[in-house]
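In case you want the letters, here they are:
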Amino acid sequence: MLKHVDVLVFDLQDLGARPYTYVSTLKGILETCAEMRKSVIVTDRPIPLPNVTDGPVRTASFESFVASAPLPMVYGMTPGETARWICAASDLDLDLKIAPMRGYWRNSAPSPDWPPWIPPSPGIRTWESACCYTATVFCEALPAIDNGRGTGLAFQLLGAPWIDAQALRAELERLTGELRDVAPALPSRLDASPDDIEAGVGKLVLTLVEFIRQVLEHQAIRRMEGGGLTEEQMERLGLALM
């Protein structure tokens, strides 16, 4: 495919989020072009969370197209910075050039002089959705929860017909208060050796999934007891929580 190509230009709006697969595309392009001795130009673009680096670093056993690079969940690098990092981390011998941005500051909010937002994919229609993406994207794996896909508020909200919004908000505020009380006694970062990182991350994920399931189950029971669901909705809900 690249036999008659001299230079390949990568010009995609990325989010700086590991599950957003444009970084996987970029990694594949850089590796292939290095192997075939082709030049690459990456046009740099702003990202929603340029000052945030958060989440566990992907380990080799969890590699997939939604986790192709050993990066944190949110890695705070623009496409140009990411391309340079991939080349250095993978020791790629590649003719890489970055087309830099002009007048760019690492702001989470778009500056007035920035060009209009162009949705990089159907689910990320706004800058605000891009900012919220990493907080709610995992809910796409939970069929009982709607995270606003197909609307102008994709990834900015969570909902379901059976959720008592006020009760859920009160419960989350209560849990937030409890976490705030114990936070001073917790380390700012968790230390984990390569030998036990997979087990630790796996346990964390399972704990979070179980927490979400219990909260949703509690709200579902309240709605069923209140008679606010049809028989079909109760059947679907029961299957989702099994």
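As shown above, the structure is provided for reference.
Rules behind the numbers
- Residues numbered from 1 in each chain as written.
- Predicted model: local features only at pLDDT ≥ 70, side-chain atom pairs only at ≥ 80, totals over all residues.
- Heavy atoms only, no water.
- Phe/Tyr/Trp six-rings, centres within 6.5 Å; stacked < 30°, edge-to-face > 60°.
- Helix = DSSP H or I, 4+ residues; strand = E, 2+ residues; numbered from the N terminus.
- Polar contact = N/O pair within 3.5 Å; in protein donor to acceptor, adjacent residues only side chain to side chain.
- Core = buried A, V, L, I, M, F, W, Y, C linked by side-chain atoms within 4.5 Å.
- Buried < 20%, exposed > 50% of the residue type's maximum accessible area, 1.4 Å probe, protein only.
- Contact = heavy atoms within 4.5 Å.
- Pairing = 2+ DSSP bridges.
- Axes fitted to C-alpha atoms, helices over the stretch in contact; angles between N-to-C directions.
- Salt bridge = Lys/Arg side-chain N within 4 Å of Asp/Glu carboxyl O.
- Arc of directions from axis to C-beta.
- Right-handed = clockwise from strand over helix to strand, strands pointing away.

Caption draft 1: Inspection of the packing of aromatic side chains at higher detail. Scanning the entire structure with this criterion turns up 4 aromatic pairs. Their ring planes at 80 degrees and their centres at 5.5 Å tell us that Y20 and Y133 sit as a pair that is edge-to-face. Linking Y20 in the loop between β1 (7–10) and α1 (22–35) with Y133 in helix α3 (residues 127–136), this pair joins segments that are 113 residues apart in sequence. Between W117 and W127 the ring centres are 5.4 Å apart and the planes differ by 90 degrees, which places this aromatic pair in the edge-to-face class. Of this pair, W117 sits in the loop between β3 (96–99) and α3 while W127 sits in helix α3, placing them 10 residues apart in sequence.

Caption draft 2: Representation of the side chain of K27. Relative to the assigned elements, K27 resides in helix α1. A distance of 2.8 Å separates a polar atom in the side chain of K27 from a polar atom in the side chain of E31.

Caption draft 3: Focus on the nonpolar core. The biggest cluster of nonpolar side chains holds 20 residues, and the ones touching the most others in it are L26, L30, C33, V40, V42 and L94. Looking at this core, the elements with two or more residues in it are β1, α1, β2 (39–43) and α2 (79–89). Among the elements that take part in this core, α1 stands out by supplying 6 residues, more than any other. Grouped together as the second largest cluster of nonpolar side chains are 13 residues, Y20, L49, M73 and V137 included.

Caption draft 4: Highlighting the environment of S39. Looking at the element boundaries, S39 is found in strand β2. Separated by 56 residues in the primary sequence, S39 and D95 place their C-alpha atoms 4.9 Å from one another. If we ignore the near neighbours within four places in the chain, the residues touching S39 are D6, V7, L8 and D95. Separated by 2.6 Å, the side chains of S39 and D95 make a polar contact.

Caption draft 5: Inspection of the sheet that holds β2 at higher detail. The strand order across the open sheet built from 3 strands is β1-β2-β3, with neighbouring strands paired in parallel fashion. Both edges of this open sheet fall to β1 and β3, since each of them pairs with a single strand only. Averaged over all neighbouring strand pairs, the angle between strand axes comes to 20 degrees, with direction disregarded. Across 4 bridges, β2 lies against β3 in parallel orientation. Opposite T43, over in β3, you have A99 as the bridge partner.

Caption draft 6: Structural view of the pattern of salt bridges. All chains considered together, the criterion is met by 8 salt bridges. Here K27 and E31 are joined by a salt bridge, their closest N and O atoms 2.8 Å apart. Here K27 and its partner E31 are both found in helix α1, 4 residues apart, which amounts to about one turn of the helix.

Caption draft 7: How the structure looks around the environment of D6. Here D6 is to be found in the segment before β1. Here D6 falls in the exposed class, since its relative accessible area comes to 63%. When the C-alpha positions of D6 and K38 are compared, they lie 5.7 Å apart, and in sequence the two are 32 residues distant.

Caption draft 8: Local environment of α2. What α2 keeps buried is the set P79, G80, T82, A83, I86 and C87. Seen from one end, α2 has its buried residues packed into an arc of 160 degrees, which puts them on one side. Away from the buried face of α2 by more than 90 degrees, exposed residues R84 and A88 are located. Where α2 is buried, its residues contact β1, α1, β2 and β3. One or two steps after α2, the chain reaches D91, where phi turns positive at roughly 55 degrees.

Caption draft 9: Structural view of the pairing of β1. Of the two faces of β1, the one lined by L8 and F10 is fully buried and the one lined by V7 and V9 carries no buried residue. Where β1 meets β2, 4 bridges bridge the pair, whose relative direction is parallel. When the sheet's bridge partners are listed, F10 is paired in β2 with V42. On the question of chirality, the crossover connecting β1 to the parallel β2 by way of α1 is right-handed.

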